[in-house]
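Listed below, chain by chain, are the residues.
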Amino acid sequence: MKNQEIAKILYDMADRFAMDGVAFKPYAYRKAADVLIYEEDIENIYERGGLKELESMPGIGKHIALKIEEYLKTGKIKQYELLKKETPVDLEELTKVEGVGPMTVKTLYQELKVKNIKDLKRAAERHKIAPLFGFGEKTEQAILEGIGFLDKTQGRVSVAIAFVEANRIIDYLKTMPEVENISIAGSLRRMKETVGDIDILVSSKNPKKVMEYFVKIPEVQKVWGQGTTKTSVRMKGGYNVDLRVVPKTSFGSALQYFTGSKEHNINLRKIAIAKGLKLNEYGVFKGNKKIAGETEESIYSALDLNWIPPELREGAIKPKPKNLIDYNDIKGDLHCHTTWSGGSGSIEEMAQKAMSLNYLYIGIADHTKYLRIENGLDEKRLKEQRKEIDLLNKKLKIHILQGCEANILADGSIDIKDSALKELDFVIAGIHSHFKLSKDKMTRRLVKAMKNPNVDIISHPTGRIIGKRAEYDIDFDKILVVAKETKTVLEINAHPARLDLNDININKAVKAGVKMIINTDAHQKENMDLMNLGIAQARRGFATKSDIVNTLDLTTYFQ
DNA sequence: GCCGTTTTCGGCCCGACTGTTTTCAGTCG
């Protein structure tokens, strides 16, 4: 899957053009990259119809199509190599520093030979930056702080943490009579898997007072921007919060605007222009007359669109599919660990928790014997566990299914005998070792596991750990084909460190007609509350209720 | 570099903020 690789290059090229002050090309390259990310496998598109087919994609014309072709054929883009040679700087890394953009990088390279963050830090510490034309003490200080922030958090916060923190701040602000409406905005509202900062939007008649109250939150470490409509603070937890306050009449338009994504906003504005209207954060305007603004729905409606859920607002404007999976559609969680293996809750405790979530069923899927460190179950202990589950099923008003999370060994075989797997209500199989096999071996390994008739679900199919471990090298398109053939269900693991499948792969599975299941992989009962994160990713991938099997009463689904 | 139910040329989303300035460039969302 070369889409992401090429998109990354196009983004970098865009920044390099911007750095050289080239007009409009950056815009074109970024747009092409945006399209690529959410497109089907670019190699398939190219194989199907060559250059012509590439050019038929929106935002991709003759020249970028040629560059894509060049990359597919040679693994390189000459012009990109040239650009990198011309200005050998790590643009991607440097522009992660708050306040540093392509133009700044260019100047710092020319004047001080700054190539990467390490150089930048040294230059700032030695006070080489402040004397430069157009720079100053404050800029130099801001750069140092920006680097410190990056070091601490790698610039991104998990959606899980951000969500909890944002709601805490909202609860705090809600106690003010001056706060009329309040909402999460930004990438957090879109439920991106990680967010750069937390955006909160308020409507009030007294913005000044709201801002003053906001900066007094005990967790605030530093206030670093206090305007009339916006205040930015750094929290002690190492993340930033932006609070914006607008009048009530603009709350909807501001919410739409500050929720983004940027591409979504650009596309909406173009629709507005085509209708002879103007859209900004204050409303939709016909000439000088404001025709919408108080609610988000009114904005979309003024543009003749149905309201679009925030999770669907990446890239091009796409309407909400019928039966998009919803947050209350899930009927059970099939990937729960207990004290039988690595978990910290008993089967009964986990089942009680599932009941409190109004689930119809819960699946116990403890680790199996290959994972000694997790006290994985062997065939004999699986039988013993069955007895306990049978007893609890008589006692509790919820259906407990017995499964396991078996290990897919390096050769694709399962670490539990088929005769024992057959006795279980369902079987999850996952990769927990030998992560570095070649693409071919890894793909064959997964395919073999999926072809085992006892295997129902593949857990965390790509194996990534956000910010720590890359995906395994697999041919995901091949996996989808085999999953469809064998009716194997792919897991959307809702744990915030995994979120695997991610939104993009979920969308591919939807298009391929492969069924998925959203599980929390809970190792303690509190983890079962993380289901919403998985649902959010499923929504971002445009999954409908029928794509997700645990929206069904599936006590018999896998038997 | 891309695009076109008014255009194959002339546009390309829009506004706020910051720090540096002396009227503005760069960055951000």
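All figures in this text were calculated on a predicted structure; none of them were measured in a lab. (Residues numbered from 1 in each chain as written. Chains lettered and ligands numbered in written order. Predicted model: local features only at pLDDT ≥ 70, side-chain atom pairs only at ≥ 80, totals over all residues. Heavy atoms only, no water.)

## Quick word on the protein's contact with DNA strand B
Y27, T104, G136, Y257 and R269 are the nearest of the 43 residues found near DNA strand B. The share of sugar and phosphate among atoms of DNA strand B within 4 Å of the protein is 70%. The contact in question runs from a phosphate oxygen of DNA strand B to an N or O atom on the side chain of T229, over 3.4 Å. A per-element tally of the surface near DNA strand B places helix α14 (residues 262–274) first, with five residues. Taken together, the residues that form the surface near DNA strand B break down as 17 nonpolar, 14 polar and 12 charged. (Near = heavy atom within 4 Å. Polar contact = N/O pair within 3.5 Å; in protein donor to acceptor, adjacent residues only side chain to side chain. Helix = DSSP H or I, 4+ residues; strand = E, 2+ residues; numbered from the N terminus. Nonpolar A, V, L, I, M, F, W, Y, C, P; charged D, E, K, R; others polar.)

## What about the sheet that holds strand β8 (residues 278–280)?
Spatial ordering of the open sheet is given by β8-β9-β10, a layout of three strands whose pairing is antiparallel. Only two strands of the sheet have a single partner each, and these edge strands are β8 and β10 (289–292). Neighbour to neighbour, the strand axes of the sheet diverge by 35° on average, direction disregarded. (Pairing = 2+ DSSP bridges. Axes fitted to C-alpha atoms, helices over the stretch in contact; angles between N-to-C directions.)

## Concerning the pairing of strand β11 (residues 332–336)
Here β11 lies mainly inside the structure; five of its five residues are buried. For the handedness criterion, the β-α-β arrangement of β11, helix α16 (residues 347–356) and strand β12 (residues 361–367) is classed as right-handed. (Buried < 20%, exposed > 50% of the residue type's maximum accessible area, 1.4 Å probe, protein only. Right-handed = clockwise from strand over helix to strand, strands pointing away.)

## Describing the nonpolar core
Grouped together as the largest cluster of nonpolar side chains are 60 residues, with contacts concentrated most on I362, I400, L490, M516, I518 and I548. Residues in contact with L490, not counting those within four places in the same chain, are I458, P461, F476, L480, A483, L501, V514, K515, M516 and I517. Within the second largest apolar cluster, 33 residues are counted, among which are I170, M176, V195 and L533. (Core = buried A, V, L, I, M, F, W, Y, C linked by side-chain atoms within 4.5 Å. Contact = heavy atoms within 4.5 Å.)

## Quick notes on helix α10 (residues 159–174)
Compared with an ideal rise of 1.5 Å per residue, which puts 16 residues at 22 Å, α10 spans 22 Å between its outermost C-alpha atoms and is within 8% of the ideal. Among all positions in α10, only V159, A160, A162, E165, A166, I169, I170 and L173 are buried. N-capping of α10 is provided by S158, with a side-chain oxygen placed 3.0 Å from the backbone N of A160. (Expected span 1.5 Å × (residues − 1).)

## Points about the packing of helix α1 (residues 3–19) against helix α2 (residues 25–37)
Packing of α1 against α2 brings their axes to within 8 Å, and their N-to-C directions diverge by 165°. Classified by the angle their axes make, α1 and α2 are roughly antiparallel. Handedness of the crossing formed by α1 with α2: left-handed. Residue-level inspection shows N3, Q4, I6, A7, L10, Y11, M13, A14, D15, F17 and A18 of α1 in contact with α2, the latter providing K25, P26, Y29, R30, A32, A33, D34, L36 and I37. (Parallel < 35°, antiparallel > 145°, perpendicular 65-115°, else oblique. Left-handed = near helix turned anticlockwise from the far one by under 90°.)

## Examining empty space enclosed by the protein
The gaps left among the atoms become clear once a water-sized probe is rolled over them. Scanning all chains against the criterion turns up one cavity of 30 Å³ or more. There is about 70 Å³ of room inside the largest cavity. Around the largest cavity, the lining residues are M1, I37, Y38, E39, E40, I504, N507, K508 and K511. No other element matches helix α21 (residues 503–512), which puts four residues into the lining of the largest cavity. Taken together, the residues of the lining of the largest cavity break down into four nonpolar, one polar and four charged. When we break the lining of the largest cavity down by domain, the ones giving at least three residues each are domain 1 (3–153) and domain 3 (332–551). (1 Å grid on protein atoms, 1.4 Å probe; cavity = no way out; pocket = protein on both sides within 12 Å on 5 of 7 lines; lining within 4 Å. Points joined across faces, edges and corners; volume = space filled by probe spheres on them. Domains from an automatic or database assignment.)

## Points about the packing of aromatic side chains
Evaluation of the coordinates by the stated rule reveals four aromatic pairs. Seen in terms of ring centroids, Y172 and Y213 are 4.8 Å apart; in terms of plane orientation they differ by 15°. Their pairing is stacked. Placement of Y172 in helix α10 and of Y213 in helix α12 (residues 207–214) is noted, with a sequence separation of 41 residues between them. Residue class for Y172 comes out partly exposed when judged on its relative accessible area of 25%. For K25, the ring lying beneath its charged end belongs to F17, and the centroid distance is 4.6 Å. The ring of Y109 is capped by K113, whose NZ or CZ atom sits 4.7 Å from the centre of that ring. (Phe/Tyr/Trp six-rings, centres within 6.5 Å; stacked < 30°, edge-to-face > 60°. Lys NZ or Arg CZ within 6 Å of the ring centre and 35° of its normal.)

## Overview of helix α3 (residues 42–55)
Between its terminal C-alpha atoms α3 stretches only 12 Å, short of the 20 Å expected from 14 residues at 1.5 Å a residue. Of all the bends found along α3, the most pronounced is centred on G49 and spans about 120°. Residues of α3 that are buried: I42, I45, Y46, G50 and L54. Tucked inside the fold, the buried residues of α3 contact α1, α2 and α4 (62–74). A distance of 3.0 Å separates the backbone nitrogen of E43 from a side-chain oxygen at the start of α3, and that oxygen is part of D41. (Bend = angle between axes of the 7 residues up to and from the residue.)

## Comments concerning a positive patch on the surface
Together, K118, R122, R126 and K128 make up a positively charged patch on the protein surface. Positionally, R122 belongs in helix α8 (residues 117–125). (Patch = residues over 30% accessible without salt bridge, like charges linked within 9 Å, V, L, I, M, F, W, Y side chains within 5 Å. Areas by Shrake-Rupley, 256 points an atom, 1.4 Å probe, with all protein chains shown as cover. Salt bridge = Lys/Arg side-chain N within 4 Å of Asp/Glu carboxyl O. Lys, Arg positive; Asp, Glu negative; His and termini not counted. Charge placed at Lys NZ, Arg CZ, Asp CG, Glu CD.)

## Observations regarding the sheet that holds β12
In spatial order, the strands read β11-β12-β13-β14-β15-β16-β17; together these seven strands make up an open sheet with parallel pairing. One side of each edge strand has no neighbouring strand; the edge strands of this open sheet are β11 and β17 (516–519). Lying over the sheet, α16 contacts β11, β12 and β13 (399–407), oriented at roughly 145° with respect to β12.

## A short note on the domain arrangement of chain A
The assigned domain composition of chain A is domain 1 (3–153), domain 2 (158–312) and domain 3 (332–551). Between the C-alpha centres of domain 1 and domain 2 there is a distance of 28 Å. Here domain 1 meets domain 2 over a buried area of about 710 Å², counting both sides, of which 44% is carbon and sulfur. Linking domain 1 with domain 2 are one salt bridge. With a closest N to O distance of 2.7 Å, K222 and E145 form a salt bridge. (Buried area = accessible area lost by both parts, 1.4 Å probe.)

## Some thoughts on unusual backbone geometry
The omega torsion of the bond from G260 to S261 falls at 0°, within 30 degrees of zero and hence cis. By secondary structure assignment, the location of S261 is in the loop between α13 (251–259) and α14. Phi at D304 takes a positive value of approximately 60°, unusual for a residue other than glycine. Relative to the helices and strands, D304 resides in the loop between α15 (296–302) and β11.

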